[in-house]
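Read off the chains here:
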Amino acid sequence: MAWKERRCRSHLVAPFVWSGLCLTLLLGGHGPSILTFAGHRFSFWWPPAVRATFALYAVPERRGDEAVDQDLVREAEQALQMVREQLVPTGFFGLSSFLPMDREKLVDSLVIAACAGARGLVLLEDMLVSSLPSLDSEKFAALATSIAKAQINYKVVWLMLQEAFTESCASGKYFSTHQLTEIAWAFALTGEGTSAMWSALQRGMASAGQLSDQERRVFGWACATAGQQGNAELQQLLGDEASGQADPSMSQRICTSLQRLADEGTVTSYTSEELPLRNLRPAEAYSSDQILVLAVPNVISDFDAEVLIGFADSGGLWRGSEKLEMEGSIGRRTSASAQLSHVRYLFAGPVMKIRSWVSTTLGVPDSHIEALQMVRYFKGQQYTRHVDWCPAGDPELWVSGQRVATVLLYLSTVPEDCGGETVFERLGVSVKPELGKAVIWSNVDRTGKPDPLTMHEAMPIECDEVVKYTMNVWVREQPQPDRSWLGWR
């Protein structure tokens, strides 16, 4: 259980770890005992993240599974009491209902409850039974999104939320378009909700009023993710389904930038060095279809590449890529992928330098660049023929539009005769992985139409003890969502 407690609490403790270490130095060998005593003797005073810090610090002092379980259960009870106090009016004439909700505290408290395992989930069920009937629409939406953010995928919990929502709709309770968007997002994120639930959401949205552009995009994503596309009621509410056709103005901007780079033959690195740039297409082939595939050496330093790989290794970010495929993709991927989407990576030096370089080189806002994705290939692993653009109906098209351009960075060199090339068969291009090299192309033509000629593949690695690392930098036609896209304050 100790490892589970460490893992569950680690992302909550950053603001408090240094103070704990400083206390340890001041208190000497008695530090752990005193901190453990303080954490549990006065735990009712501490906010959830502080209590989690004491529990994390005290783990080495408490080796017995039974003791750790009891601590986790007690903290889960305290955390859920905080959730209840946030949601249900208490005090003189229910004055607490007038206090603003702290959604971050809701998420932190629910994470602590989930760390207690099955017992924590039972406690959560009990809290929902007593709290759901008295929640207004705003607090219900806040609770649903908080449970989703806490990554609680316990089916019983979501069935309870679904039943409470459908009963509220049947009784005539009003939900705003913003609240309905939050609820749809939460159910889509966790893969829950029956057809009846989604029908109630769509009926509620149809009668709630005019959607904002952000609400339309997020609600469209949620419905598409839940497989609720194609009905006339939804089409009337949201307009035509996302077709995959990109905005021509964005497509022309990308194509013009690539043509300018090809004409100039150089590009500036993020260290302000002039780097040579060349079109990998044969001149006669390029003249017939105007598709550019550009290569730039030494875009990223050896040191930065090692740092990025270290992020994925030490952070346990690698996931089987087959699970990360977009719906409708025609390629088969046997590698592993790592998303650098957490805030701790977004502001890391190498990540910011790469994003800035792509933004400057292609002339697009940073907000249009997806979270960077790293890919790792061992011997025999590959990614068969595929395209990077999204097919019509892909849920992501609702949120950020089409992937209009790709920058592929190599974070390692693959020796000769060991495979691993990136091959554009229809364009007559084959690229050998070399550390620091970037390959750049547009996924759409100037009119915004996805270009099937950009189909490519990552050939299998053929040598033992050879690992290929790459990084995908994808540019979207619309800005990426941030933490404010659902009013997540």
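The structure reproduced in this document is the subject of the present report. Just so you know, these numbers come straight off a predicted model, no measurement behind them.

**So, the overall build of the protein chain**
Link 1 in the chain: Check the secondary structure of the protein chain and you find 19 helices and 14 strands.
Link 2 in the chain: Per-residue burial for the protein chain yields a buried fraction of 52% across its 489 residues.
Link 3 in the chain: For the protein chain, contacts bridging at least 24 residues in sequence account for 76% of all contacts bridging at least 6.
Link 4 in the chain: By element, 55% of the accessible surface of the protein chain is carried by carbon and sulfur atoms, the whole surface being about 22,500 Å².

**A few points about the pattern of salt bridges**
Link 1 in the chain: In this structure the tally under the stated criterion is 15 salt bridges.
Link 2 in the chain: Between E264 and R260 there is a salt bridge; the shortest N-O distance is 3.7 Å. Taken together, the residues E264 and R260, both in helix 14 (residues 248–264) and four residues apart, mark about one turn of the helix.
Link 3 in the chain: For E264, a relative accessible area of 48% translates into the label partly exposed.
Link 4 in the chain: Residue classification places R260 among the partly exposed positions, given a relative accessible area of 35%.
Link 5 in the chain: The salt bridge involving R385 is made with E425; its shortest N-O contact spans 3.8 Å. Of this pair, R385 sits in strand 8 (residues 383–386) while E425 sits in the loop between strand 10 (422–424) and strand 11 (429–431), and the two are 40 residues apart along the sequence.
Link 6 in the chain: Taking the relative accessible area as the measure of exposure, E425 reaches 54% and is therefore exposed.
Link 7 in the chain: Taken together, the shared-partner salt bridges connect D213, R216 and R217 into one network.

**A few points about the state of the cysteines**
Link 1 in the chain: Tallied over the entire structure, the rule returns one disulfide.
Link 2 in the chain: Sulfur-sulfur distance for the disulfide between C418 and C463 comes to 2.1 Å. Every disulfide takes its handedness from the sign of the S-S torsion; for C418 and C463 that torsion is -90°, giving left-handed. Of the two residues, C418 is situated in the loop between strand 9 (403–410) and strand 10 and C463 in the loop between strand 13 (456–458) and strand 14 (468–476); the sequence distance between them amounts to 45 residues.
Link 3 in the chain: For C418, a relative accessible area of 6% gives the class buried.

**Some points on the packing of aromatic side chains**
Link 1 in the chain: Within the structure shown, the criterion is met by seven aromatic pairs.
Link 2 in the chain: Arranged with centres 5.3 Å apart and planes meeting at 50°, the rings of F311 and Y345 form a pair that is tilted. In this pair, F311 is assigned in helix 16 (residues 302–314) and Y345 in helix 17 (residues 343–346), connecting sequence segments 34 residues apart. There is no split in this pair, since F311 and Y345 are both buried.
Link 3 in the chain: Where W318 meets Y469, the ring centres are 6.0 Å apart and the plane angle is 40°; that geometry is what we call tilted. Here the residue W318 occupies a position in the loop between helix 16 and strand 5 (319–320), and Y469 occupies one in strand 14, the gap between them amounting to 151 residues.
Link 4 in the chain: The class for Y469 is buried, based on a relative accessible area of 14%.

**A short note on the packing of helix 8 (residues 137–149) against helix 10 (residues 177–190)**
Link 1 in the chain: Between helix 8 and helix 10, the least distance of the axes is 9 Å, while the angle of their chain directions is 25°. One element, helix 8, and the other, helix 10, form an angle in the roughly parallel class. As for the relative orientation of helix 8 and helix 10, their crossing is left-handed in sense. Residue-level contacts link S137, E138, F140, A141, A142, A144, T145, A148 and K149 of helix 8 to Q179, E182, I183, W185, A186, L189 and T190 of helix 10.
Link 2 in the chain: Classifying every residue of the contact of helix 8 with helix 10 gives nine nonpolar, four polar and three charged.

**Some remarks on the nonpolar core**
Link 1 in the chain: With 64 residues, the main nonpolar core has L132, L143, L161, F165, I183, L201 and F219 as its most contacted residues.
Link 2 in the chain: Here I183 is in contact with F140, A141, F165, F175, M197 and L201, once residues within four sequence places are set aside.
Link 3 in the chain: By size, the runner-up hydrophobic cluster in this structure holds 47 residues, among which are L340, V358, L362 and L411.

**A closer look at the pairing of strand 9**
Link 1 in the chain: Of all eight residues in strand 9, eight are buried, a share of seventy percent or more.
Link 2 in the chain: Relative to strand 14, strand 9 runs antiparallel, the two sharing seven bridges. Note that in strand 14 the partner of Y410 across the bridge is T470.
Link 3 in the chain: Summarising the sheet, strand 9 and strand 12 (residues 438–442) pair through five bridges and their orientation is antiparallel. Opposite L409, over in strand 12, you have A438 as the bridge partner.

Rules and cut-offs
- Residues numbered from 1 in each chain as written.
- Predicted model: local features only at pLDDT ≥ 70, side-chain atom pairs only at ≥ 80, totals over all residues.
- Heavy atoms only, no water.
- Helix = DSSP H or I, 4+ residues; strand = E, 2+ residues; numbered from the N terminus.
- Buried < 20%, exposed > 50% of the residue type's maximum accessible area, 1.4 Å probe, protein only.
- Contact = heavy atoms within 4.5 Å.
- Areas by Shrake-Rupley, 256 points an atom, 1.4 Å probe, with all protein chains shown as cover.
- Salt bridge = Lys/Arg side-chain N within 4 Å of Asp/Glu carboxyl O.
- Disulfide = S-S within 2.5 Å.
- Phe/Tyr/Trp six-rings, centres within 6.5 Å; stacked < 30°, edge-to-face > 60°.
- Axes fitted to C-alpha atoms, helices over the stretch in contact; angles between N-to-C directions.
- Parallel < 35°, antiparallel > 145°, perpendicular 65-115°, else oblique.
- Left-handed = near helix turned anticlockwise from the far one by under 90°.
- Nonpolar A, V, L, I, M, F, W, Y, C, P; charged D, E, K, R; others polar.
- Core = buried A, V, L, I, M, F, W, Y, C linked by side-chain atoms within 4.5 Å.
- Pairing = 2+ DSSP bridges.

In short, shape yes, function no, at least from these values alone.
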